[in-house]
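Observations on the model geometry
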Amino acid sequence: MTTRRLFRFLDSRTGGAGAIGKALRYVFPDHWTFLFGEIAMYSFLILVATGTYLALFFEPSTAHVIYHGTYAPLHGQEMTRAYASAVNLSFDVQAGLLIRQVHHWAADVFLAAITIHLMRIFFTGAFRKPRDINYYVGLTMLVLAVLEGYAGYSLLDDLLSGMGLAIGNGVALSIPVIGGQLGTLIWGGRFPGTQDFFSRLFFVHVFLFPVLIGTLMAVHLALVARPHHTQFRGRRRREGNVVGTPLWPAYALRSLGLFFATAAVLFLLGGLVQINPIWQWGPYEPYLGTNGAQPDWYLGWLIGALRLMPHFDVVIGNYTLIPNPFWGGVLFPGAVFGFLYLWPWIERRFTGDRAVHNLLDRPRDNPTRTAIGSAVFTLVAAVFFSGSADRAFVQFGVPYEDQLWGYRALVILLPIAVFFLTRRFCIRLRDRGAHPARESGARLVERPRFKGRSRGTDPA
Amino acid sequence: MKTIWRYLVAGVLLRFSKKRTVHRERELPASTRAETWTAILLFAAALAGLAFVAIYAFADANTQLLGLSIAVSLALIAAALILAASQVVPQENLEEPRPSFAQPNHDADGPKNHDIRGFSAHQQGEEAALVVREGADGVTRRRLLGAAGAAAGVGLGAAALVPLASLGPAVGDRYAESPWKDGVRLVEENGMAVKVDDLEVGSFLTAFAEGADKEGLASSLAVVRVRTEELELPEDRADWAPEGILAFSKICTHAQCAISLFRYPLFSERSPGPALVCPCHYSTFNVLDGGQRIFGPAVRPLPQLPLRIENGTLVAAGPLSGEVGASWGRVREEG
Amino acid sequence: MPSRTRRPGRVRRPLMLGAAVLLAGFAIAVWGQPPHDSTGAVAATPESTEGRALFEESCSSCHGFDGKGIKGQGPSLIHAGEAAADFYLRTGRMPLGQVGDEPLRGEPRYSNSQIEALVHYVGLLGDGPTIPNVDPSQGDVAEGMELFRDSCAGCHAISGKGGVAIGGYAPPLGESTPTEVGEAIRVGPYLMPRFNEELISPKQVNSIAAYVKLTQEPEDAGGFGIGHIGPVPEGLVAWLAAIAALLLIARVIGERLGGSRADDEAEEPR
């Protein structure tokens, strides 16, 4: 049989057949929420593929040209080559606009998929030992992905991206002590910066960050596979085993199916739904602005934070120590990511649970964690939605100023309410479980021990 | 040199693993002289690294000197490592069985003895740590070597990081730079002088400093005209707005978006007064009192430009009242 | 800045009707009084007579019988000009439901001939901008985009979809006719600054009107335009369409058919 001969050929030269054989029998637990990360991974693959194509046409240059291309309303306008090449890519390169739109939709979906994947990991306790390192790897990819997306849409040098860069520079300047120098280092001088800055932005977007994200993704997958997947509790499922579908054949086909489904959705959107029509925004100059400028969704929480923040600086004598954009642009995201990075440690510290966990919690199984996580996500969501208050005003007519005060109240009150409600709801749900004998609150669980590894018992 | 070798230890590893049946020879050199020389080389490498930093900062970053200093630093580290490899650390000769690819019984279960399951096998962690520790057996002046290694790391690290400073210029006064001073003419985007008669009450116009780069942050102005009787300028700015014409920096003091929104109420009794608004975070500045913030996250007032009229055109009567653009660590709060 | 605005785009009809009834009653009550001195300045042509009657009936409670405005109620219309009257009346922004409300677009309250009479009358009050003759086909859309970007996008957004003006609202221009665009430029209604012929020439107004027309039917080379307001609806589509669809797909394929669900429910005894 040819398959057998192929593997014999490979094995006698690489010794890899054993590993391949093992990998083919790698077991994936059956749960649909385990696919969120795969959606993110497949979006990334599509980003790399479409981005490679785009890079063949895009010119990251700030040299000025007068536009005389296909799109008549821009005729005679002065613009950078970067913007002009992006417009040409959209109008004159056949299939260029499709690929550009798929790339942009894929970026939005990539970040969204990472976000729900992170929520799944958080609320099921999948970040616990032995997977805490991998959780940090994943969080780091999220940070990089946000920056990568920002760099990407900033490159086009249209009106929206220029305004985004102006704010980014303002936020960089707001960092105490080093801010001013940091700004001139990154931008090669004062905003709007030099050609060097655009070259750097391009390099970061098409090489540095994709390579970092790709490398971390490989590490991420290796660290998932090494201790094998987590699984929810259930029949025959123990700390020491994994029950589910093996990679070959069913899971491989299932996952490939998901890849093609992801690609299908992205290309469907890319072909039918317009995203970032830069020809409608026009080119950017530092003295130009448009009402209702917004960043892509994954930075919406930062524009929300910048707008919600009351106006105060920290001033020493006559000099500003901490300018206002610091609060919303640096401190807020720093605190949110700080919380996410520190959470495994916080949980270990306060529950004393240092055991290895391969079985997942359902969110209700750990009401306190679920409640705290829900409160934090609610806070971020409230700030996020406040970022679109200006569009909400235009669409629905609630005055912007009133909305601002409403959101300020919501940002404080809603997370508190969500904390208590979630906690109560989880406890009730848990207590109503299939085992009425289980006492409320007590989670002292005696589990069979497996050689050398002990399943944690929560000291209640 | 061979007289220095003191020990010959064979098969030490047998104490950990019953599985291991390999042959092992081991000598512990314990040469204090070699250790001292290694440390000296490392400290010298640190100095050479710092020399690179000094040349970058003070000797005008002379290419030849930079290359020389960093090469010396790297070469010294190379020498230190080679010396240490042969005369400081234990000398071993170990036999390792080769993995066999062609074993007929090499099945899907795989060889179990290579497995290091981090979370399952406590002993394997111990063993790895021991292997690392053994690497320093017989080394006597560990603290000195540690310090020398750290110094070399710092020197080389500094040399590696310092070129990052080339990315951008030092801050200096660049955030306070502005083309505006007494006598600079205001021009429109097309380069024509701004004529007073073109502006009526309620007008809004973007102007630039004549001859300056329009993209320069401090160059662009929002010029507006209000009724003179509406003005509430502070006393020291009483003559800054001839015929009710006011000029402000067009760059928001919050996050430096362009202030491209001028709100001029037709009936000021019933709606808030004339103001400039930044469309990014909706910071709002009152034009009547000299650009004080009335809404939004900005803190500093919008810098105002004193104006005077020459031959029916607008001319700056002095510099802007404050620094243009976002606040940063050295910006003066009062402007 | 505490300023109340009501829902743009939705006119409070009951309130406005009530106000109209009140106004009408007020007008009837003062009908018998002798005409105000200063209104005598307006020449009594047949058109102006109708306009004056309408004005006194419907506008004078805020703008005064002489059109000079009433403190705290409404501004003087002496120099408002025909352009202002035409703009406010044809876009239904006047009369206001309530003094102090933000004038918002709605159905015009008067017939065409009534509007013409009122416009004529307001034009006679004093010199002000006349109704501009705007023809987008004479304009250059590229020049229009550049001018719009420089002078209009800060409030109305580059896509003409409207925006926040703090204390008010910069309306979307989706329904604006070329004439209204020209009038608004000259008049500067409500919070808007005004631009005279020196700042924006009549030819340039044509160009801006041409660009506004473009924003009403933008070139959507990329497909469905989802409102042309940028990343907010894009984010909604990413989450509510793409992610929702992919989660649905994940839900369908994520489990062995008929398999693991039951396994999940059947918990090990704890």
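Residues numbered from 1 in each chain as written. Chains lettered and ligands numbered in written order. Predicted model: local features only at pLDDT ≥ 70, side-chain atom pairs only at ≥ 80, totals over all residues. Heavy atoms only, no water.

Some details on the interface of chain C and chain A
With 69 residues of chain C at the contact, the number on the chain A side is 77 residues. Both faces considered, chain C and chain A share a buried interface measuring about 6300 Å² in area, 61% of it formed by carbon and sulfur atoms. Connecting chain C to chain A are 0 salt bridges. Seen at the junction of chain C and chain A, the total is 21 residue pairs in polar contact (both at pLDDT 80 or more). Where the side of chain C that touches chain A is concerned, the elements lending two or more residues are helix H6 (141-151), helix H7 (153-156), strand S1 (163-164), helix H9 (202-216), helix H10 (231-253) and helix H11 (260-265) of chain C. No other element matches the 16 residues that H10 of chain C contributes to the side of chain C that touches chain A. Broken down by class, the residue content of the side of chain C that touches chain A amounts to 34 nonpolar, 16 polar and 19 charged. (Contact = heavy atoms within 4.5 Å. Buried area = accessible area lost by both parts, 1.4 Å probe. Salt bridge = Lys/Arg side-chain N within 4 Å of Asp/Glu carboxyl O. Polar contact = N/O pair within 3.5 Å; in protein donor to acceptor, adjacent residues only side chain to side chain. Helix = DSSP H or I, 4+ residues; strand = E, 2+ residues; numbered from the N terminus. Nonpolar A, V, L, I, M, F, W, Y, C, P; charged D, E, K, R; others polar.)

Focus: the confidence of the model for chain C
Mean pLDDT over chain C works out to 82, with 77% of the residues at or above the 70 mark. Under the prediction, the complex receives an ipTM of 0.90, its pTM being 0.89. (pLDDT = per-residue confidence, 0-100.)

Notes on the confidence of the model for chain B
The share of residues in chain B with pLDDT of 70 or more is 87%, and the mean pLDDT across the chain is 86. Below pLDDT 50 for its whole length, residues 1-18 of chain B participates in 30 contacts with residues either more than four positions away or in separate chains.

Remarks on the pairing of strand S14 (residues 313-316) of chain B
Residue and element names in this part refer to chain B. Here S14 shows a buried face lined by Thr313 and Val315 and a second buried face lined by Leu314 and Ala316. As judged from the 4 bridges shared by strand S13 (residues 307-310) and S14, these two strands associate in the antiparallel manner. Following the sheet pairing, Glu310 is matched in S14 by Thr313. The hairpin formed by S13 and S14 contains 2 residues between the paired strands, and Asn311 there has a positive phi angle of roughly 50 degrees. (Buried < 20%, exposed > 50% of the residue type's maximum accessible area, 1.4 Å probe, protein only. Pairing = 2+ DSSP bridges.)

Some thoughts on the interface of chain B and chain C
Taken together, the 29 residues of chain B in the interface contact 30 residues of chain C. With both sides pooled, the region where chain B packs onto chain C buries about 2500 Å², and carbon together with sulfur makes up 57% of that total. Applying the counting criterion to the chain B and chain C interface returns 2 salt bridges. Measuring nitrogen to oxygen at the nearest pair gives 3.6 Å for the salt bridge that ties Glu200 of chain B to Arg194 of chain C. In this assembly, chain B and chain C are joined by 8 residue pairs in polar contact (both at pLDDT 80 or more).

What to know about the pattern of salt bridges
Counted under the stated rule, the structure contains 27 salt bridges over all chains. For the salt bridge of Glu92 of chain B with Arg24 of chain B, the shortest nitrogen-to-oxygen distance reads 2.3 Å. Here Arg24 of chain B lies in strand S2 (residues 24-27) and Glu92 of chain B lies in strand S3 (residues 91-94), a separation of 68 residues in the sequence. By relative accessible area, Arg24 of chain B is classed as buried at 5%. In this structure, Arg149 of chain C engages Asp150 of chain C in a salt bridge whose closest nitrogen and oxygen atoms are separated by 3.3 Å. Judged by its relative accessible area of 5%, Arg149 of chain C is buried. On the basis of relative accessibility, which here comes to 17%, the residue Asp150 of chain C falls in the buried class. The network of salt bridges with shared partners includes Arg24, Arg26, Glu92, Glu134 and Asp137 of chain B.

Brief notes about the packing of helix H13 (residues 325-351) of chain A against helix H14 (residues 367-386) of chain A
All names here are of chain A. Close contact between H13 and H14 brings their axes to 12 Å; oriented N to C, the two are set at 170 degrees. One finds that H13 runs roughly antiparallel with respect to H14. Seen from H13, the contacting residues are Phe332, Val336, Phe339, Trp343 and Glu347; seen from H14, they are Arg369, Ile372, Val376, Leu379, Val380 and Val383. Split by residue class, the contact of H13 with H14 holds 9 nonpolar, no polar and 2 charged. (Axes fitted to C-alpha atoms, helices over the stretch in contact; angles between N-to-C directions. Parallel < 35°, antiparallel > 145°, perpendicular 65-115°, else oblique.)

A look at the environment of Ile70 of chain B
Residues and elements named next belong to chain B. Secondary-structure assignment places Ile70 in helix H2 (residues 63-87). The exposure class assigned to Ile70 is partly exposed, which follows from its relative accessible area of 21%. With 21 residues separating them in the primary sequence, Ile70 and Gly49 have C-alpha atoms 5.9 Å apart. Ignoring sequence-local partners within four residues, the contact set of Ile70 consists of Phe52, Leu156 and Ala159.

With respect to helix H16 (residues 400-431) of chain A
Between its first and last C-alpha, H16 of chain A extends 44 Å over 32 residues, near the 46 Å set by a 1.5 Å rise per residue. Taken as a whole, H16 of chain A carries its principal kink of about 35 degrees at Leu410 of chain A. The secondary structure elements touched by the buried residues of H16 of chain A are helix H12 (300-308), H14 and helix H15 (389-396) of chain A, strand S11 (292-295) of chain B together with S1 of chain C. (Expected span 1.5 Å × (residues − 1). Bend = angle between axes of the 7 residues up to and from the residue.)

Thoughts on the packing of aromatic side chains
All names here are of chain A. Applying the stated criterion to the full structure yields 44 aromatic pairs over all chains. Seen in terms of ring centroids, Tyr42 and Phe259 are 5.2 Å apart; in terms of plane orientation they differ by 70 degrees. Their pairing is edge-to-face. One end of the pair, Tyr42, is in helix H3 (residues 36-55); the other, Phe259, is in helix H10 (residues 247-272), with 217 residues separating them in the sequence. Residue class for Tyr42 comes out buried when judged on its relative accessible area of 9%. Put simply, the rings of Phe122, Phe123, Phe127, Tyr135, Tyr136, Phe339, Tyr341, Trp343 and Phe377 pair up and form one aromatic cluster. Positioned over the ring face of Phe34 is Arg120, at 4.3 Å from the centre of the ring. (Phe/Tyr/Trp six-rings, centres within 6.5 Å; stacked < 30°, edge-to-face > 60°. Lys NZ or Arg CZ within 6 Å of the ring centre and 35° of its normal.)

Considerations on the nonpolar core
Among the nonpolar cores identified, the biggest contains 222 residues, and Phe110 of chain A together with Leu186, Val223 and Leu276 of chain B are the most heavily contacted of them. For this core, the element with the most residues is helix H5 (residues 96-123) of chain A, which contributes 16 residues. Each residue touching Val223 of chain B, except ones within four places of it in the same chain, is listed here: Leu186, Leu199, Ser203, Phe204, Leu205, Ala207, Ile245, Leu246, Ala247 and Leu314 of chain B. Ala34, Ala39, Ala84 and Val139 of chain B belong to the second-largest nonpolar core, a separate cluster that totals 14 residues. (Core = buried A, V, L, I, M, F, W, Y, C linked by side-chain atoms within 4.5 Å.)

Looking at unusual backbone geometry
Residues and elements named next belong to chain A. Between Lys129 and the following residue, Pro130, the backbone shows a cis peptide bond with an omega angle of 10 degrees. Within the element layout of this structure, Pro130 appears in the loop between H5 and helix H6 (132-154). The step from Phe191 to Pro192 runs through a cis peptide bond, and the omega angle for that step is 5 degrees. For Pro192, the position within the fold is in the loop between helix H8 (179-187) and helix H9 (195-225). One non-glycine residue, Asp157, lies in the positive phi region at around 60 degrees.

Here we look at the sheet that holds strand S5 (residues 204-209) of chain B
By way of backbone hydrogen bonds, the strands of a sheet pair with one another, either parallel or antiparallel. Residues and elements named next belong to chain B. If you walk across this open sheet you meet the 5 strands as S4-S5-S6-S7-S12, and the pairing is antiparallel. At either end of the open sheet lies a strand with only one pairing partner, and these are strand S4 (186-187) and strand S12 (304-305). As paired strands, S5 and strand S6 (residues 221-225) are joined by 4 bridges and run antiparallel to one another. Among the inter-strand pairings, Phe204 is bridged to a residue of S6, identified as Val224.

Section: the sheet that holds S11 of chain B
All names here are of chain B. If you walk across this open sheet you meet the 4 strands as S8-S9-S10-S11, and the pairing is antiparallel. Edge strands, defined here as strands with exactly one partner in the open sheet, are strand S8 (261-263) and S11. Taking each pair of neighbouring strands and ignoring which way they run, the sheet shows an average axis angle of 35 degrees. Alignment of strand S9 (residues 275-277) against strand S10 (residues 284-286), held across 3 bridges, turns out to be antiparallel. For Ala275, the partnering residue across the bridge sits in S10 and is Asn286.

Details of the packing of helix H1 (residues 32-58) of chain B against helix H4 (residues 142-161) of chain B
All names here are of chain B. With their axes 7 Å apart at the nearest point, H1 and H4 run at an angle of 20 degrees to one another. Comparing their axes, H4 and H1 come out roughly parallel. In this structure, the crossing between H1 and H4 has a hand that is left-handed. Between H1, through Glu35, Thr38, Ala39, Leu42, Phe43, Ala46, Gly49, Leu50, Phe52 and Val53, and H4, the contact on the second element is made entirely by Leu144, Leu145, Ala147, Ala148, Gly149, Ala151, Ala152, Gly155, Ala158 and Ala159. Along the lines of polarity and charge, the residues of the contact of H1 with H4 split into 15 nonpolar, 4 polar and 1 charged. (Left-handed = near helix turned anticlockwise from the far one by under 90°.)

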